[in-house]
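Descriptive structure summary
Single-letter residue listing:
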Amino acid sequence: MKYDYLVVGAGLFGAVFAHEMAVKGKNVLVIDRRDHIAGNIYTENKMGINVHKYGAHIFHTSDKEVWEYVNRFAEFNNYINCPVASYKDELYNLPFNMNTFSKMWGIKTPAEAKAIIDKQAGEEIERMNQEKGTTEFVADNLEEQALSLAGRDIYEKLVKGYTEKQWGRDCKELPAFIIKRLPMRYIYDNNYFNDRYQGIPIGGYTALVEKLLLIRKDEEVPFLSGSITVKTNTDYYDFVKMDGNIPVQPFESVSGDSFDKILFTGMIDEFFGYKLGTLEYRSLRFETEELPEVDNYQGNAVVNYTEREIPYTRIIEHKHFEYGNGKGTIITREYPANWKHGDEPYYPMNDEKNNNLFSQYTSLAGEYNNILFGGRLGQYKYYNMDQVIRAALDMVAEQ
Ligand code: FAD
């Protein structure tokens, strides 16, 4: 077959790109090395519950156009993310707001909360300045930064252990810039996100991606002159004829398919055989448990565990994303992990060293007019889903 585009990766970026190209009349082949589509937003239905296989995914955006776009492919429920933090069996609301402060200090008013935070933060700054023999406070590490912004109670109970687990390092060894600010909300409001629009697609994210890829057509899809073919269990490196690290021109697959252009949404450094070096990531491990005898395990979709001694960072109870009230429940514990070759790369480590290396890969990629790089791995960027959609639509507009 002759295709206009080969899209490597059936995640959200690849699916939006493929869809828009089919609308433009192009024939697109989408491949993914996994045995399913939807990349990290994949949900699978078990016991009548849509399980977020790669961690909790809550759609939120202030981009009206993206919100309207995504609503064409799914109906969203009115889920609002209100995570709870558990510290040594004390429960606190997140993000830091009057409910958190009231529970922590037994106070009622914003003025009381602000006075306590200012006092604690001021004392910490004074102590650190004294120890360093200075009057101008400069945070030398994440611990100092957090103490100077939030004071000791919030730092010890809600920041320290969670952050150390996430990064696999002591807060004293982490750079201060990771926490630029710790937003404090002096109102009783547990809505985690500040965005205008928020929700979970009813029926799960996989169904949404199926619609993008034209696999599922619930209602009449307007006539498209283009087409999308999807192949899972298909690794780019086994599929495309290569000349060293670069696909042969014109691009051909081992099965004889050919393409004019490639959109690659896998790891950009892997694409170039790591010839300039390896980009670093944080990884995660998910442990999912089906509990047919328990109807409601924790009473909330997301509970963060903020003490260091508990190895996971959070437990997700999937049914609460869709207000499920059927029998049984499914929970997932999320463990942060160091990343090494072969592990799933979840979070790009966007520090100076890695960003510089990524710029070098971008320059290299610029030498290949017919190969585009997109998504969180191709663009080495922590993208939320709305940002992925925006970036994919922008890329389509440039073609
Ligand atoms: P991916 O979903 O990773 O898709 C890339 C695809 O390319 C993968 O399926 C992969 O198998 C495939 N691939 C790679 N290499 C090859 C190859 N050589 N051959 C064939 N296929 C290949 N965003 C939000 O907006 N809200 C949230 O609440 C949220 N929570 C998150 C929680 C976690 C734990 C994580 C990790 C991310 C979260 N995100 C969230 C971000 C969201 O997951 C991403 O924005 C989105 O999934 C990125 O889509 P993508 O297509 O760029 O990448």
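Residues numbered from 1 in each chain as written. Predicted model: local features only at pLDDT ≥ 70, side-chain atom pairs only at ≥ 80, totals over all residues. Heavy atoms only, no water.

**Points about the site of the ligand**
- In the neighbourhood of the ligand, 31 residues make up the surrounding shell, with Asp32, His57, Arg376, Tyr383 and Met385 lying closest.
- A distance of 3.1 Å separates a nitrogen atom of the ligand from a polar atom in the backbone of arginine 33.
- Coverage of the ligand by the protein chains reaches 97% of its 1000 Å² of free accessible surface.
- At the level of secondary structure, the elements contributing two or more residues to the shell around the ligand comprise helix 1 (12-23), helix 8 (236-239), helix 11 (375-378) and helix 12 (385-398).
- In terms of residue class, the shell around the ligand is made up of 16 nonpolar, 10 polar and five charged. (Near = heavy atom within 4 Å. Polar contact = N/O pair within 3.5 Å; in protein donor to acceptor, adjacent residues only side chain to side chain. Areas by Shrake-Rupley, 256 points an atom, 1.4 Å probe, with all protein chains shown as cover. Helix = DSSP H or I, 4+ residues; strand = E, 2+ residues; numbered from the N terminus. Nonpolar A, V, L, I, M, F, W, Y, C, P; charged D, E, K, R; others polar.)

**Description of unusual backbone geometry**
- Cis rather than trans, the peptide bond between leucine 94 and proline 95 has omega equal to -10 degrees.
- Topologically, proline 95 is positioned in the loop between strand 7 (90-93) and helix 3 (98-105).
- Proline 250 follows glutamine 249 through a cis peptide bond whose omega is -15 degrees.
- Within the element layout of this structure, proline 250 appears in the loop between strand 11 (246-247) and strand 12 (251-252).
- For aspartate 89, which is not glycine, the phi dihedral falls at a positive 70 degrees.
- By secondary structure assignment, the location of aspartate 89 is in the loop between strand 6 (84-87) and strand 7.

**Some remarks on the domain arrangement of the protein**
- For the protein, the assigned domains are domain 1 (2-77 + 198-278 + 348-398) and domain 2 (107-178).
- With centres defined by C-alpha atoms, the gap from domain 1 to domain 2 works out at 40 Å. (Domains from an automatic or database assignment.)

**Quick look at the nonpolar core**
- Of all hydrophobic cores here, the largest spans 58 residues; its most connected members are Phe17, Phe59, Leu213, Phe321 and Ile389.
- Not counting residues up to four positions away in its chain, the partners in contact with leucine 213 are Ala10, Ala15, Ala18, Val30, Ile37, Ile228 and Val230. (Core = buried A, V, L, I, M, F, W, Y, C linked by side-chain atoms within 4.5 Å. Buried < 20%, exposed > 50% of the residue type's maximum accessible area, 1.4 Å probe, protein only. Contact = heavy atoms within 4.5 Å.)

**A closer look at the sheet that holds strand 17 (residues 329-338)**
- Read across the open sheet, the seven strands follow the order 7-6-15-16-17-14-18; overall the sheet is mixed. Single-partner strands in this sheet number two, and they are strand 7 and strand 18 (347-348).
- With four bridges joining them, strand 6 and strand 7 adopt antiparallel strand pairing. Within strand 7, the position partnered with valine 84 by the bridge is asparagine 93. (Pairing = 2+ DSSP bridges.)

**Details of the pattern of salt bridges**
- Taken as a whole and judged by the stated rule, the model has 33 salt bridges.
- As a salt-bridge pair, glutamate 65 and arginine 390 come within 3.4 Å of each other at their nearest N and O atoms. Taken together, the residues glutamate 65 in helix 2 (residues 64-71) and arginine 390 in helix 12 connect sequence positions 325 residues apart.
- In this structure glutamate 65 comes out as exposed when scored by relative accessible area, which is 52%. (Salt bridge = Lys/Arg side-chain N within 4 Å of Asp/Glu carboxyl O.)

**Things to note about helix 10 (residues 352-365)**
- With 14 residues, helix 10 should reach 20 Å at 1.5 Å per residue; the first-to-last C-alpha distance of 20 Å fits that figure.
- By the burial criterion, the buried members of helix 10 are Asn354, Leu357, Phe358, Tyr361, Leu364 and Ala365. The buried side chains of helix 10 occupy one side of the element, clustering within an arc of 110 degrees when seen end-on. Facing away from the buried side of helix 10, by more than 90 degrees, are the exposed residues Glu352 and Ser363.
- On its buried side, helix 10 packs onto helix 9 (268-271), strand 19 (371-373) and helix 11. (Expected span 1.5 Å × (residues − 1). Arc of directions from axis to C-beta.)

**Focus: the environment of serine 283**
- Along the chain, serine 283 turns up in strand 14 (residues 281-291).
- Not counting chain neighbours up to four residues away, the residues in contact with serine 283 comprise Tyr335, Pro336, Ala337, Asn338, Trp339, Asp343, Glu344 and Tyr346.
- Only 2.7 Å separates the side chain of serine 283 from the backbone oxygen of glutamate 344, close enough to count as a polar contact.

**Quick look at helix 5 (residues 142-150)**
- Counted residue by residue, helix 5 has eight buried out of nine residues, so it is predominantly covered.
- Every buried residue of helix 5 is accounted for by Leu142, Glu143, Glu144, Gln145, Ala146, Leu147, Ser148 and Ala150.
- Near the N-terminus of helix 5, the side chain that reaches the backbone nitrogen of glutamate 143, with its oxygen 3.1 Å away, is that of asparagine 141.
- A positive backbone phi angle near 80 degrees is found at glycine 151, which sits one or two residues after helix 5.

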